[in-house]
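In case you want the letters, here they are:
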Amino acid sequence: MRELKDLSGVIGLATWDQETYLPPRAVAARAGQLGTLQSIHHQRLTDPALGRLLDEARGKELSTDAQAMLRALSWERDRAVKTPAALVRALAEAQSNGVEAWREARKAKSFSRFAPALERLLALRREQADALGYEADRYDALLEAYEPGMRVARLEPVLGALKEKLVPRVKRWAEVTQRQSDPLTGRRFSGDAQWAFTLKLLEDMGFDLEAGRQDRSTHPFTGSTHPTDVRLTTRVDEEDPFSTFSSTVHEGGHGLYEQGFSPEDYGTPLAAAPSMGLHESQSRLWENCVGRHRGFWAHYHPLLSKLFPEAMAGVEPEALYRKVNRVEPSLIRVEADEVTYNLHIILRFELERKLLSGELPIAELPIEWDRRMAELLGIRPENDVQGVLQDIHWAWGELGYFPTYALGNLYAATLFRSIQEGISSLDAELERGNFRVVTEWLRARIHRPGFRLYAEDRVRAATGRGLNDADFIGYLDAKYGALYGSASAS
Ligand code: ZN
């Protein structure tokens with residue numbers, strides 16, 4: 001177990017370096033190095049000797065923790081063993097063709113250049129799903145890679161109900177937002193001061209900068225080599241400091257999770273998140289529930305005024321709060337606010353299910369994308385780059401990944417509801433900048449337990465409630481209802 005963890009850690013480090021400091025001429029060499037490490041990891045994982053050890057362990061009386069380790073490691077190994085080597089190679093080739101075709105299609109602003117590569121990826125994903133096996137739905141086999149234990153039958157009704165409730169709310173709140181001006185537009189925030197502020201944010205959240213660091217990258221991400229070495233990245237934009245701040249808080253939420261596993265679990269599969277969705281719940285809880293809270297901006301207003309005296313001139317705390325809580329339907333998912341975001345995900349989830357089943361012919365994908373965008377958010381892309389070609393996920397043939405973002409938002413709302421109920425002074429604590437109360441709550445109930453339970457069971461153990469849309473809708477109604485009026489009144 002420790003060797004596998006060490007190998008993954010070094011792969012994580014080399015990948016982080018690739019996205020941050022790698023000199024341009026080393027790109028090909030690094031790809032080769034990573035390929036070698038990944039194949040060693042694969043050999044270790046699929047080694048028949050490991051299979052024999054796991055079988056032997058299965059026949060023994062084991063502690064609850066040992067059973068959880070056995071389950072996690074067997075899960076990972078089974079998926080690797082069941083995917084034939086020829087399929088792994090074919091997928092790798094189709095992925096690199098996919099990304100290349102996707103880039104060319106984006107340049108030409110035309111989906112049709114990407115269509116053949118996507119067709120090939122879909123065929124291979126169907127083959128992979130069949131090799132892995134599933135009970136009810138082929139999509140389940142792919143979803144399982146990111147969200148162990150989750151099934152379409154559980155997820156679909158929740159996202160369906162969420163969609164029905166979101167559409168009228170977006171419409172109402174966006175109309176009111178549009179009538180309110182944003183006094184911060186056009187102001188410049190110095191990049192150096194932004195950087196200093198992001199480090200202060202991380203420190204205040206309880207991220208240990210002696211056990212991790214923050215660097216710059218084009219696309220912010222969190223990489224982990226070990227719980228004592230967690231690498232965050234962010235992007236600084238002088239005209240859009242709030243995207244810098246929210247990306248730091250988002251990655252900081254991921255980073256706290258990675259730093260928060262129990263030291264006695266280090267080197268075992270227990271020192272891990274049970275799913276991508278639960279990981280995302282940590283980043284979204286910090287980014288949205290805390291980082292877009294009125295108390296958060298009241299607390300930082302004096303410091304921001306000191307760091308950015310010109311840009312902040314005449315700006316009240318309430319203006320900051322309103323700035324980060326505007327509801328504005330946009331074409332691009334990564335720029336979406338917390339109210340519209342899930343609709344971007346639901347659109348992708350519904351489309352990729354139809355693509356996988358073959359119900360939706362690939363050629364019709366862009367038309368269907370644009371039609372649904374208009375239906376859900378009331379706006380239409382002008383070209384495929386603003387529409388179906390915006391995300392890289394399908395270029396990698398990653399199906400089943402998008403729903404983890406929505407799961408993250410829903411789990412975050414459920415966790416935050418329990419934090420609010422459990423800490424009666426929460427609003428005052430946030431206004432005082434005492435964010436550690438949130439960190440400690442999460443540490444005890446989510447971070448330290450690691451991968452002992454599936455994601456939904458972990459959330460239920462922490463809050464008494466499983467996956468649901470009501471907590472998220474309740475959270476939105478309380479906040480945006482107060483800002484922009486109740487969604488039922490028109
Ligand atoms: Zn994230």
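Now for a quick tour of the structure. (Residues numbered from 1 in each chain as written. Predicted model: local features only at pLDDT ≥ 70, side-chain atom pairs only at ≥ 80, totals over all residues. Heavy atoms only, no water.)

**Comments concerning the overall build of the protein chain**
Regarding its fold elements, the protein chain presents 20 helices and three strands. Taking 2.2 N^0.38 as the reference for a compact globule, 490 residues should give roughly 23 Å; the C-alpha atoms of the protein chain span a radius of gyration of 23 Å, in line with that estimate. Counting only residues that meet the buried cut, the protein chain has 55% of its 490 residues in that class. The contacts in the protein chain between residues at least 6 apart in sequence include a share of 73% that link residues at least 24 apart. Taken as two groups, the 62 positive and 71 negative side-chain charges of the protein chain have centres that lie 1 Å from each other. (Helix = DSSP H or I, 4+ residues; strand = E, 2+ residues; numbered from the N terminus. Rg over C-alpha atoms; globule rule 2.2 N^0.38 Å. Buried < 20%, exposed > 50% of the residue type's maximum accessible area, 1.4 Å probe, protein only. Contact = heavy atoms within 4.5 Å. Lys, Arg positive; Asp, Glu negative; His and termini not counted. Charge placed at Lys NZ, Arg CZ, Asp CG, Glu CD.)

**A look at the coordination of the zinc ion**
H250 (NE2), H254 (NE2) and E280 (OE) make up the full set of protein donors to the zinc ion, lying at 2.1 to 2.3 Å. Binding-site remark: the zinc ion is held by donors from one chain whose sequence spacing is H-x3-H-x25-E. Of this pair, H254 sits in helix α10 (residues 241–259) while E280 sits in helix α11 (residues 276–290), placing them 26 residues apart in sequence. Given the relative accessible area of 9%, E280 is considered buried. (Donors = N, O, S within 2.8 Å, 3.2 Å for Na, K, Ca; no water.)

**Remarks on the environment of I419**
Tracing the backbone shows I419 in helix α16 (residues 403–422). For the pair I419 and T463, spaced 44 residues apart in sequence, the C-alpha to C-alpha distance is 8.8 Å.

**Structural notes on the sheet that holds strand β2 (residues 222–226)**
In spatial order, the strands read β1-β3-β2; together these three strands make up an open sheet with mixed pairing. Strands with a single pairing partner mark the edges of an open sheet, and in this sheet they are β1 (212–216) and β2. Neighbour to neighbour, the strand axes of the sheet diverge by 20° on average, direction disregarded. Strand direction decides the pairing type here: β2 and strand β3 (residues 229–234), joined by four bridges, are antiparallel. (Pairing = 2+ DSSP bridges. Axes fitted to C-alpha atoms, helices over the stretch in contact; angles between N-to-C directions.)

**Some thoughts on the nonpolar core**
The nonpolar side chains of a soluble globular protein tend to be buried with one another. Residues F114, L285 and V438 are the most contacted members of the largest nonpolar core, which totals 120 residues. With residues up to four places along the chain from it excluded, the contact list for V438 reads L285, W286, V290, I419, L426 and L430. One finds L45, L50, L54 and L73 within the second-largest nonpolar core, a separate group that totals seven residues. (Core = buried A, V, L, I, M, F, W, Y, C linked by side-chain atoms within 4.5 Å.)

**Considering the packing of aromatic side chains**
Summed over the entire model, instances satisfying the criterion amount to 25 aromatic pairs. With a centroid separation of 5.8 Å and an interplanar angle of 75°, the aromatic rings of F242 and F245 are classed as edge-to-face. Pair noted here: F242 and F245 are both in helix α10, with a separation of three residues, about one helical turn. Across the pair, exposure class does not vary: F242 and F245 are buried alike. Relative to Y405, the ring of Y341 lies with its centre 6.3 Å away and its plane at 75°, an arrangement referred to as edge-to-face. Residue Y341 is located in helix α14 (residues 341–357), and its partner Y405 is located in helix α16; the two are separated by 64 residues in the primary sequence. (Phe/Tyr/Trp six-rings, centres within 6.5 Å; stacked < 30°, edge-to-face > 60°.)

**Details of the packing of α14 against helix α15 (residues 365–377)**
Following both chains from N to C, one finds α14 and α15 inclined at 150°, their axes separated by 10 Å at the closest point. Seen along the crossing, α14 lies across α15 with a hand that is right-handed. In this structure, α14 uses L343, H344, L347, R348, E350, L351, K354 and L355 to contact α15, whose residues at the interface are L365, E368, W369, R372, M373, L376 and L377. Partitioning the contact of α14 with α15 into residue classes produces nine nonpolar, one polar and five charged. (Left-handed = near helix turned anticlockwise from the far one by under 90°. Nonpolar A, V, L, I, M, F, W, Y, C, P; charged D, E, K, R; others polar.)

**Here we look at the environment of L166**
Inspection of the secondary structure puts L166 in helix α8 (residues 152–179). Each C-alpha atom, one on L166 and one on A92, is 38 Å from the other, the two residues being 74 residues apart in sequence.

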